[in-house]
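# Summary of structural features
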Amino acid sequence: RQAMERGDAHKALKLLALLIQSSDVSEETWIQATQVKADIYLKHRKHKKGFIKCYQRISQRLRNKRGYVLLGDAYMRIHDPTKAIESYERALREQPGDVALTVLIGNTMMTTHNYQAAVEYFESALDSHGQDKTALRLALAELLTRLKRWSEAQAILSDAIRDKKRRNNNNTEETTASWIEDVHILRILTNVYFGNGDDTQALETIQKANSIQDKILSRLGQNSNAAIAQKKIAAEIRCVIGTYICL
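Keep in mind the model is a prediction, meaning the values are calculated, not measured.

Taking 1.5 Å as the rise per residue, helix H7 (residues 99-110) with 12 residues should run 16 Å; its terminal C-alpha atoms sit 17 Å apart, in good agreement. Those residues of H7 that fall on the buried side of the exposure criterion are Leu-101, Thr-102, Val-103, Ile-105, Gly-106, Thr-108, Met-109 and Met-110. In this fold, the buried residues of H7 make contact with helix H5 (65-77), helix H6 (81-94), helix H8 (115-128) and helix H9 (134-146). Capping of H7 at its N-terminal end is provided by Asp-98; its side-chain oxygen lies 3.1 Å from the backbone amide nitrogen of Ala-100.

The following block contains the structure:
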């Protein structure tokens, strides 16, 4: 750290090399040191090959979901989504059925602008996932909304809402996570209504999202760390309401 504070990237790399080569360091320390080395290559040397090589070594050492996701994230940092998808798919093979990873792969496909391939990927994933499909449905609905395929997006959201109601019937407790999911659904549905030209329904829907978001912030506490992201969402919701009212 002191070497980098002095702007001496060469010395920092030499010190990191000694740490990485040491047999006394824990695996976690080795990973962190290799990541710092990678950042120096990318930020200070503008050396993409050196950067990726560091993460390749991490993935080769770990040979698990974490290592492949880290490598995929590294490829995204140098704007290589094709290689990133390959790494994320290897991670998914380590943990089949991981919904978050499946969504990540689909969203990464979108960055290649091959939107139809992303749609087909999400549709295939929905067919193969037997458990809770809400996250997949919302990712697909957001993509369809982006493509202005309003009716398809609304149909997917209807499925998500129906599944949520069925789950809620079996669980009387209203959790914060469930409310956050409700707000996500309602925000996408608002965009669908606006896209269809149904401004009145859109306003009613976003106002409902606003009411739930207020409950989320009340439960989390205004000054909690968990509330930071939710405050941003609350501001975005109110901006949509304010924009509509000012029209």
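There is more to say after this.
This part takes up the packing of aromatic side chains. This model, assessed by the stated rule, comprises 3 aromatic pairs. Taking the centre distance of 6.2 Å and the plane angle of 45° together, the rings of Phe-194 and Tyr-244 count as tilted. Remark: Tyr-244 occurs in helix H13 (residues 227-246) and Phe-194 occurs in helix H11 (residues 176-195); sequence separation between them is 50 residues. Overall, Phe-194 belongs to the partly exposed group, its relative accessible area being 27%. Over the face of the ring belonging to Trp-30 we find Arg-61, whose NZ or CZ atom lies 4.3 Å from the ring centre.

We now examine the nonpolar core. Counting residues in each nonpolar core, the largest one holds 61 residues, and the members touching the most others are Phe-51, Tyr-55, Ile-58, Ile-105, Leu-140, Leu-143 and Leu-157. With sequence-adjacent residues up to four places away left out, Ile-58 is seen in contact with Trp-30, Ile-31, Thr-34, Gln-35 and Leu-70. Counting 10 residues, the second-largest nonpolar core is a separate cluster that includes Leu-186, Ala-209, Ile-216 and Ile-241.

At Lys-46, a position not held by glycine, the phi torsion is positive, near 55°. Note on Lys-46: relative accessible area 64%, which makes it exposed. Positive phi outside glycine occurs at His-113, with the angle close to 70°. Here His-113 is to be found in the loop between H7 and H8.

Interaxial distance between H11 and helix H12 (residues 199-220) falls to 8 Å at its minimum, and their mutual angle equals 160°. Comparing their axes, H12 and H11 come out roughly antiparallel. Crossing of H11 against H12: the hand is left-handed. When its residues are assigned to classes, the contact of H11 with H12 shows 13 nonpolar, 5 polar and 6 charged.

Here the focus is the pattern of salt bridges. Counting across every chain of the model gives 13 salt bridges. Note that Arg-77 and Asp-39 form a salt bridge whose closest N and O atoms lie 3.0 Å from each other. Taken together, the residues span a long stretch of sequence, with Arg-77 in helix H5 and Asp-39 in helix H3 (residues 27-44) at a distance of 38 residues. Overall, the relative accessible area of 23% leaves Asp-39 in the partly exposed class. A salt bridge links Glu-236 to Lys-232, with the nearest nitrogen and oxygen atoms 2.6 Å apart. Within this pair, Glu-236 and its partner Lys-232 are both found in helix H13, separated by 4 residues, close to a single helical turn. Residue classification places Glu-236 among the partly exposed residues on the basis of a relative accessible area of 29%. The exposed category is assigned to Lys-232, whose relative accessible area is 54%. Connected through salt bridges with shared partners, the residues Arg-137, Asp-163 and Arg-166 form a single ionic network.

Note on placement: Lys-65 falls in helix H5. Relative accessible area serves as the criterion here: at 28%, Lys-65 is assigned to the partly exposed category. Sequence separation between Lys-65 and Arg-93 is 28 residues, and the spatial gap between their C-alpha atoms is 8.2 Å. Once residues lying within four places of it in the same chain are set aside, the contact partners of Lys-65 are Ala-91, Glu-94, Gln-95, Asp-98 and Leu-101. A polar atom in the side chain of Lys-65 sits 2.7 Å from the side chain of Asp-98.

Moving on, we get to the side chain of Thr-176. With respect to the secondary-structure elements, Thr-176 resides in helix H11. Exposure remark for Thr-176: the relative accessible area of 17% places this residue in the buried category. Residue contacts for Thr-176: discarding those within four places in its chain leaves Ile-216, Arg-219 and Leu-220.

Reading the values: the criteria
- Residues numbered from 1 in each chain as written.
- Predicted model: local features only at pLDDT ≥ 70, side-chain atom pairs only at ≥ 80, totals over all residues.
- Heavy atoms only, no water.
- Helix = DSSP H or I, 4+ residues; strand = E, 2+ residues; numbered from the N terminus.
- Expected span 1.5 Å × (residues − 1).
- Buried < 20%, exposed > 50% of the residue type's maximum accessible area, 1.4 Å probe, protein only.
- Contact = heavy atoms within 4.5 Å.
- Polar contact = N/O pair within 3.5 Å; in protein donor to acceptor, adjacent residues only side chain to side chain.
- Phe/Tyr/Trp six-rings, centres within 6.5 Å; stacked < 30°, edge-to-face > 60°.
- Lys NZ or Arg CZ within 6 Å of the ring centre and 35° of its normal.
- Core = buried A, V, L, I, M, F, W, Y, C linked by side-chain atoms within 4.5 Å.
- Axes fitted to C-alpha atoms, helices over the stretch in contact; angles between N-to-C directions.
- Parallel < 35°, antiparallel > 145°, perpendicular 65-115°, else oblique.
- Left-handed = near helix turned anticlockwise from the far one by under 90°.
- Nonpolar A, V, L, I, M, F, W, Y, C, P; charged D, E, K, R; others polar.
- Salt bridge = Lys/Arg side-chain N within 4 Å of Asp/Glu carboxyl O.

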